[in-house]
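Descriptive structure summary
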Amino acid sequence: MKLIVIGLGQCGSRIADEFARMDKRARSQRNVSICPGVFAVNTDQADLSGLVTIKPDHQHRILIGGRKTGGHGVGKINELGAEIARADADKVIDALRTTKRFYDADGFLVIAGAAGGTGSGSVSIIAQHIKERYMDKPVYALIALPFEHEEKTEERTVYNTAVCLKSISSVADAVILVENQRYVRKDFSLRYNLSKINSLIVEPFWDLLCAGEEKNSKYIGAKTMDAGDIIQTISGWTVIGHGKARVRTLTLPFDKTDHFRMKSVSNYKGIRAMDEAVSELSLKIDPRDAGRALFLISAPAKEINMDIIKEQGDWLREMAPNAIIRNGDYPREKDTMTVTVIFSELSDLERVRYYYNRSTSMMPVIKQRQADLADRRRDIDELSRDIPSLLE
Ligand SMILES: Nc1nc2c(ncn2[C@@H]2O[C@H](COP(=O)(O)OP(=O)(O)OP(=O)(O)O)[C@@H](O)[C@H]2O)c(=O)[nH]1
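Since we're looking at a predicted model, the values are computed, not measured. (Residues numbered from 1 in each chain as written. Predicted model: local features only at pLDDT ≥ 70, side-chain atom pairs only at ≥ 80, totals over all residues. Heavy atoms only, no water.)

**Some remarks on the overall build of the chain**
- The number of helices and strands found in the chain is 15 helices and 10 strands.
- Relative to a compact globule of 392 residues, whose C-alpha radius of gyration would be 21 Å, the chain shows 24 Å and is just as compact.
- If you line up the chain on its principal axes, its C-alpha atoms span 100 × 45 × 40 Å.
- Sorting the 392 residues of the chain into buried and exposed places 53% on the buried side.
- Taking contacts inside the chain between residues at least 6 apart in sequence as the whole, the part at least 24 apart equals 81%.
- If you sum the accessible surface of the chain, you get close to 19300 Å²; carbon and sulfur atoms cover 52% of it. (Helix = DSSP H or I, 4+ residues; strand = E, 2+ residues; numbered from the N terminus. Rg over C-alpha atoms; globule rule 2.2 N^0.38 Å. Buried < 20%, exposed > 50% of the residue type's maximum accessible area, 1.4 Å probe, protein only. Contact = heavy atoms within 4.5 Å. Areas by Shrake-Rupley, 256 points an atom, 1.4 Å probe, with all protein chains shown as cover.)

**Considering the site of the ligand**
- Within the structure, the ligand sits among 23 residues, and Cys11, Lys76, Thr118, Glu150 and Asn198 are positioned closest to it.
- Here an oxygen atom of the ligand and a side-chain polar atom of glutamate 150 are 2.4 Å apart.
- Alone, the ligand offers 640 Å² of accessible surface; in the complex the protein occludes 92% of this.
- Of all the elements in the fold, those that place two or more residues in the shell around the ligand are α1 (9-30), α5 (118-133) and α9 (194-202).
- Its residues assigned to classes, the shell around the ligand shows 8 nonpolar, 12 polar and 3 charged. (Near = heavy atom within 4 Å. Polar contact = N/O pair within 3.5 Å; in protein donor to acceptor, adjacent residues only side chain to side chain. Nonpolar A, V, L, I, M, F, W, Y, C, P; charged D, E, K, R; others polar.)

**What about the pairing of strand β4 (residues 107-113)?**
- The element β4 is largely enclosed, with a buried count of 7 among its 7 residues.
- Pairing of strand β1 (residues 3-8) with β4 involves 5 bridges; the strand directions are parallel. Residue pairing for β4: glycine 7 is matched across the bridge by isoleucine 111.
- Between β4 and its parallel partner strand β5 (residues 139-145), the chain crosses via α5, and the hand of that crossover is right-handed. (Pairing = 2+ DSSP bridges. Right-handed = clockwise from strand over helix to strand, strands pointing away.)

**A few points about the sheet that holds strand β2 (residues 37-42)**
- Taking strand neighbours across the sheet as the criterion, the 10 strands line up as β3-β2-β1-β4-β5-β6-β7-β10-β8-β9 in an open arrangement whose pairing is mixed. What marks the edges here is a single partner per strand, and that holds for β3 (61-63) and β9 (324-330). Averaged over neighbouring strand pairs, the angle between their axes works out to 20° when direction is ignored.
- Here 6 bridges tie β4 to β5, and the two strands are oriented parallel to one another. By the bridge assignment for β5, isoleucine 111 is matched with leucine 142.
- Sheet strands touched by α5: β1, β2, β4 and β5. Its angle to β4, the strand with the most contacts, is close to 165°. (Axes fitted to C-alpha atoms, helices over the stretch in contact; angles between N-to-C directions.)

Right under this line is the structure:
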């Protein structure tokens, strides 16, 4: 599957930069292109300059709202991020069209952190403009939910997140949710290492995007997972995960005689990788809420058999009894078995509920505070009424 990737704000741009790196890796290791165009859009010039892999020209690192912000961001005011995106949307859309073989792309992926100003405010506006221009291609969003410490110290974090989620879910074909905090919990050394978190966020897309683009018959599975399967699966609230298990590369003499034993070892490893994928999902969910799901097994060709696919399908069916399940295999890896899992069309997400509830209960307080500020401004204007001004 080929995606045109657009990162918005600092978080979105950095994750998009990881996709650009993944595309480079796909070109060199697998001779395929998975992200033919990768763009970063920001109100902050310094953040754009700090990117590594996205092409360093104005067409790919796009500064918006320069005149309004002086190139220094919008300071977490996502309404301002939205306003700037509305004014500069054409600049972004024109840049996307510079992608080589633009019409070969299967869809768009817009990325942002939900809690900030630029990304949170602009992501739904840019998604809407893309959808209006390119109705035949799906627009997916990847949204990073804030860290726990941000929610505790800054109430704007929760409010921005709720507004961003509501807006993007009404325009994008699917919203893939990623909970930053889950990556911190996995490894404490990650706490301040955002670039490591970003590479973990992007990694589950590797096999998924490469599988359908493979041209070498040696690496084409019995059931290829192509763009059509992914488009049919991804819809509404979505989460993604992947798990790995090592498989032996050497064939020992007894392998031939103990065929059944080896098969069951492979199946066991497949289930273990699937379990890891489910427990390492980008956001904790209840799979029973999923209306659609898919799994992709990538392993050395001799490790993939009908049994393993059936067993994994049965296992996923038990976890997600209400989902339409698609599957695929990708005989590519050398010594690992990787299982990628997606749960989509999720009907009830506790985390989204939490942001909506907290924001709704915060609304009267926020409104009162805004009214008090306006009153104070009016009072001081009143006091200065009889004082002459030097301006005309
Ligand atoms: N995973 C990940 N999350 C990030 C990263 N940078 C920021 N975030 C998260 O994204 C949220 C939004 O932050 P930014 O992306 O810096 O904000 P912005 O969209 O640039 O908006 P302004 O700075 O207000 O103009 C933060 O509150 C973090 O939760 C990153 O590199 N990776």
